[in-house]
Amino acid sequence: MAQLPGDTALDSGWSVRIDPADAAAAKAHPGAAGWFPAHVPGSVQQDLIASGQVPDPFLGQNEGAIQWAGLTDWQYRTAIAATPEMLARGHVDLVLDGLDTFAQVTLNGVKLLATDNAHRQWRVPVKDVLHPGENTLEIHFASPIRTLQPMVLKEAHPLPGEYDSIYGDEPEGKQTSPYIRKPKYHYGWDWGPRIVNIGPWRKVHLQAWDSARIETMRVTQEALGDASARLTASFDIQADHDGPFALRATIAAPDGSPAVPFERHVDLVAGLNHVSLPLDIAHPQRWWPAGCGAQPLYTVAGTLSDTSGALGSVTHRIGLRKVDLLREKDDHGRGFAFRVNGVPIFAKGANVIPFDSFPARVTPAKIRSLLSAARDANMNMLRVWGGGIYPDDAFYDAADELGLMVWQDFMFGGAVTPPDPAYRENVRIEAEQQVARLQAHPSLVLWSGNNEVLSGWDSWDDRKSFKKAIGADEQEKVGVGMAILFDGVLRKAAEEGDPDAVYWPGSPSANYEDKADQDHNGDRHYWDVWGGKKPVESYLDACPRFMSEYGLEAMPDMKTIRAFAGKGPLAIGSPVLRAHQKFLKGEGNDRLLDYIGQRYGKPRDVAEMVYLSQVMQAEGIELAALHHRACRPVTMGSLYWQLNDVWPSISWSSIDSAGRPKALQYHAKRFYAPLAVAAAHAGGKTSLSLISDATTPTGATWRLTVMGMDGSNPQRQEHDVTLPPLSSTPVATLTDAQLFGQSDPKTHIALAELVMDGKTVSRALIEPVLPRDATLPDPALRATWGKDGHLTLHATRLARAVWVDFGMLDATLSDNAFDLMPGESREIAVTSSASLALLKRNLHIRTLAGEIRP
């Protein structure tokens, strides 16, 4: 980040009110017509909630009560104290890191600029407008919907968007969101509310400087070897006069040893200058994805000076790694695989959506917690979905340190984009700014042009209708405009601005070589399961080259539900649960019940629905993820949808909005483990594969045991095997008759295990019938507590899908959501602010056979 003398944050003393010109809104909401406190960075919606003028939209059915704020014009105001020292500087710039979205900025009544892109930083010189003492800075925000709606309503065939509003503020099929550079999820998604934020959502600050300033510094690799790494530090420098300057760069090693200096004397010209400085690192340490090695980080600092001294500096942390996207043709089509430092990496992870409907209140600690949970679940990649925001620096800092590769979408969520050059020019500036901000991060390995814009244009019904309605000429204009944007403008911004990463024109995509969203070429978004109502076994039908989206919903923790639903009576059909289910405008709960019923039967109440939905989600995604890994090397990535939530909702997340893990999060640690056994049972047969992410051959034993659910009559076979590095090894395909013989399928199971040094490192349960059709025994679970607060569970008979919780008490468990075999015990570390006595009283255990309160 740039560090400039005289950088002054304007983060206090702000007020907001309805813009007096919006008389109708002021009359309808008199409490907001006068000035009230505002938080910057923030949004007017946050300030309305904080001042009690609207209820919290995350609670109950309050979402509708905040809709008017996004249809209103607003005025922000603060005072700037201009000191003599500030005014003595050569330049003073007002820098606005994010304005959402249509804004006019004035200082002392002088109009400075008008903005139209929430994803851009804006800079304007203000020294000539400032005067000594107090100055008034105002930002007038126009409603994005009201600004664009007259134009959209005039269109005979508006551009297809994403999700229609359920509040009547936009007619169906006439959305304003395709025409604006604003986070798309603000307009509502199938996992989040419609809250059309308005306000200065990122930092507002003054930067004072003299003579020249560093605008950006890029650090790129020229060569990386064992003996040395050759780098280039490229600087964009703004100077106010011609003259000599000194540019100095230092590199500090990961262990903090003394920085190595590099220096160059340069003659700058007035205006923008591009200057490069060669750097060298002896015996470089490589950055590796999680599970493959360490994550050493170097610190590169660039300083600009003249004869008067240092003028400013920029600091980046970097990691040294070589990333390639392998696209070789083979018998299955064309590959899609990441190779890091020469090692093909199977990408294991999830998709990330914004961390909150109000991004300004997301803390670095929350970001770190979620990314740490991903790493702890053996993930090595996260995909930043394109309908949200470009995350804060804290996200990439954490990913760098944790070894999480980042697939970064540009912010296009699915809507067809306007074909006009002015729109593309706006996006070009946005893209170049964001690439310059983020390119130094070693975690960022791929830039993707969009989310589902290309596949939607190819195959979605509303796009087909749109193309038919507008005719061939207009269809070509729109289609060519998108191709120029995603295959030209964004490709150039990414490839020139970040040559150490890869560019991909969209997700899903085939890089314009073929139709998007196909198994044989490029990445895949597979929604035939859930969206298309197919059973989870359909995940086994194909081996895609890279699965970048697939998912199943589950309800959040009951504590999370009670926090938004209150303490009153709660039924499966309660309106408040429908309000927090956005799939199919609330009908998603019926889809959820269908998937639960297919495998586990009908839940009796909300609590059982919570439990069974999480079991269904976890076991379904486990089936898919292990299948993808078993398809290696044809398939080289599996990123489920989704890691997190923006609000308390019934969604596809594996961690709910309160940070509470669902069963899927615990399962992910097992199905993404470096060594794993995959047992895919479908159609009366089981396919067994052994998976290794190790880079060297691994000796192991695989074991297969058939037994009664009470542990009776165990029949075991064992086979020694050497697992090749970076591989999936099929070891058996067995029919139910071969595996179970004449055993009663309702009372028998099989267990596949991968054993190393006498210890089971991975296992998979094989069931000849669905759990709803099995005769599950009472597991006779026994719970005991150790003096260290550890909980030990022992099962006399099979305990299917064990879930441990403590009612309304919060606790962190080292393990959960597992099966216990007959006679097996498992110890769980329990951490909680509640006392041990309280934990014991509230211990609650569920299994598919029923509830247990020890």
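(A) Local environment of the overall build of the protein. A count of helices and strands for the protein gives 16 helices and 48 strands. Here the C-alpha radius of gyration of the protein, 29 Å, is about what a compact globule of 854 residues would show, namely 29 Å. C-alpha atoms of the protein, sized along the principal axes, occupy 90 × 70 × 65 Å. Across the 854 residues of the protein, 59% fall into the buried class. For the protein, the proportion of contacts with a sequence separation of at least 24, taken over those separated by at least 6, is 70%. Carbon and sulfur atoms make up 51% of the accessible area of the protein, which totals about 32,000 Å².

(B) Region of interest: the pairing of strand β14 (residues 212-224). Strand direction decides the pairing type here: β14 and strand β15 (residues 228-239), joined by eleven bridges, are antiparallel. When the sheet's bridge partners are listed, R218 is paired in β15 with S234. Once β14 ends, the chain turns through three residues before running back antiparallel as β15.

(C) A look at the environment of V416. With respect to the secondary-structure elements, V416 resides in the loop between β28 (405-409) and α7 (421-438). Of the residues examined, V416 reaches a relative accessible area of 1% and is grouped as buried. For the pair V416 and E162, spaced 254 residues apart in sequence, the C-alpha to C-alpha distance is 8.9 Å.

(D) Representation of the sheet that holds strand β45 (residues 818-820) in the model. Strand order in the open sheet formed by four strands is β45-β43-β47-β48, and the pairing between neighbours is antiparallel. Whereas interior strands pair on both sides, the edge strands pair on one side only; in this sheet they are β45 and β48 (850-852). The mean inter-strand angle of the sheet, taken between neighbouring strand axes irrespective of direction, is 35°.

(E) Expanded view of the state of the cysteines. Taken as a whole and assessed by the stated rule, the structure comprises one disulfide. Across the disulfide, C543 is cross-linked to C631 (sulfur-sulfur distance 2.0 Å). Taking the sign of the torsion about the S-S bond as the criterion, the disulfide between C543 and C631, at about -55°, is left-handed. With a gap of 88 residues between them, C543 in the loop between β31 (524-525) and β32 (547-549) and C631 in the loop between α13 (606-630) and β33 (637-640) connect regions that are remote in the sequence. Taking relative accessible area as the criterion, C631 reaches 7% and is therefore assigned buried.

(F) Representation of the sheet that holds strand β38 (residues 727-735) in the model. Spatially, β34-β35-β38 is the arrangement adopted by the three strands of the open sheet, whose pairing is antiparallel. Taken across any chain shown, the strands that pair with only one partner, and hence form the sheet edges, are β34 (675-682) and β38. Averaged over all pairs of adjacent strands, the angle between their axes in this sheet comes to 15°, without regard to strand direction. Contacting β34, β35 (685-692) and β38, α13 crosses the sheet at an angle of about 110° to β34.

(G) Region of interest: the nonpolar core. Within the largest apolar cluster, 182 residues are counted, with the highest numbers of intra-cluster contacts made by W74, L94, M379 and Y640. A total of 13 residues in this core trace back to one element, the largest contributor, which is α13. A239, F245, L277 and I318 belong to the second-largest nonpolar core, a separate cluster that totals 29 residues.

(H) Main features of the side chain of Q175. The topology assignment puts Q175 in the loop between α4 (144-154) and β11 (187-189). On the accessibility criterion, Q175 (6% relative accessible area) is buried. Among the polar contacts made by the side chain of Q175, one reaches the main-chain amide nitrogen of E162 at a distance of 2.8 Å. A polar contact is formed between the side chain of Q175 and the side chain of D164, at a distance of 2.9 Å. Not counting residues within four places of it along the chain, the set of residues in contact with Q175 comprises V152, G161, E162, Y163, D164 and E170.

(I) Region of interest: the packing of aromatic side chains. In this structure the tally under the stated criterion is 35 aromatic pairs. Note on W407 and F546: the rings are 5.6 Å apart at their centroids and 35° apart in plane angle, and the pair reads as tilted. Residue W407 is located in strand β28, and its partner F546 is located in the loop between β31 and β32; the two are separated by 139 residues in the primary sequence. With respect to class, W407 is no different from F546; both count as buried. Ring plane angle 75° and centroid distance 6.0 Å describe the contact between W527 and W652, whose orientation is recorded as edge-to-face.

(J) Broad picture of unusual backbone geometry. Going from V40 to P41, the amide bond is cis rather than trans, its omega being 0°. As for its position among the elements, P41 is in the loop between β4 (36-37) and α2 (44-50). Non-glycine residue E452 carries a positive phi angle of around 65°. As for its placement among the helices and strands, E452 is situated in the loop between β29 (444-448) and α8 (453-459). The backbone phi angle of A817 is positive, close to 55°, even though this residue is not glycine. Following the sequence through the fold, A817 ends up in the loop between β44 (812-813) and β45.

(K) Focus on a negative patch on the surface. A surface patch of negative charge is lined by E155, D473, E474 and E476. Within the secondary structure, D473 is located in helix α9 (residues 461-497). According to the relative accessible area criterion, D473 is exposed, its value standing at 67%.

(L) Molecular detail of α13. Spanning 25 residues, α13 covers 36 Å between terminal C-alpha atoms, matching the ideal 36 Å at 1.5 Å per step. The buried fraction of α13 amounts to 22 of the 25 residues, a majority that puts the element mostly inside the structure. Between a side-chain oxygen at the N-terminus of α13 and the backbone nitrogen of A607 the separation is 3.3 Å; the capping residue is D605.

(M) Seen up close, the pattern of salt bridges. Applying the stated criterion across every chain yields a total of 56 salt bridges. The residue D73 makes a salt bridge to R146 at a minimum N-O spacing of 3.8 Å. With a gap of 73 residues between them, D73 in the loop between α2 and β5 (74-82) and R146 in helix α4 connect regions that are remote in the sequence. The shortest N-O distance in the salt bridge between R629 and D693 comes to 2.9 Å. Residue R629 is located in helix α13, and its partner D693 is located in the loop between β35 and β36 (698-708); the two are separated by 64 residues in the primary sequence. By the burial criterion, R629 is buried, and D693 matches it. In the salt-bridge network here, residues are joined through shared partners; they are R670, R763, D815, E824 and R826.

Each value, and the rule that gives it
- Residues numbered from 1 in each chain as written.
- Predicted model: local features only at pLDDT ≥ 70, side-chain atom pairs only at ≥ 80, totals over all residues.
- Heavy atoms only, no water.
- Helix = DSSP H or I, 4+ residues; strand = E, 2+ residues; numbered from the N terminus.
- Rg over C-alpha atoms; globule rule 2.2 N^0.38 Å.
- Buried < 20%, exposed > 50% of the residue type's maximum accessible area, 1.4 Å probe, protein only.
- Contact = heavy atoms within 4.5 Å.
- Areas by Shrake-Rupley, 256 points an atom, 1.4 Å probe, with all protein chains shown as cover.
- Pairing = 2+ DSSP bridges.
- Axes fitted to C-alpha atoms, helices over the stretch in contact; angles between N-to-C directions.
- Disulfide = S-S within 2.5 Å.
- Core = buried A, V, L, I, M, F, W, Y, C linked by side-chain atoms within 4.5 Å.
- Polar contact = N/O pair within 3.5 Å; in protein donor to acceptor, adjacent residues only side chain to side chain.
- Phe/Tyr/Trp six-rings, centres within 6.5 Å; stacked < 30°, edge-to-face > 60°.
- Patch = residues over 30% accessible without salt bridge, like charges linked within 9 Å, V, L, I, M, F, W, Y side chains within 5 Å.
- Salt bridge = Lys/Arg side-chain N within 4 Å of Asp/Glu carboxyl O.
- Lys, Arg positive; Asp, Glu negative; His and termini not counted.
- Charge placed at Lys NZ, Arg CZ, Asp CG, Glu CD.
- Expected span 1.5 Å × (residues − 1).

Everything listed here is a matter of geometry and, on its own, says nothing about what the molecule does.
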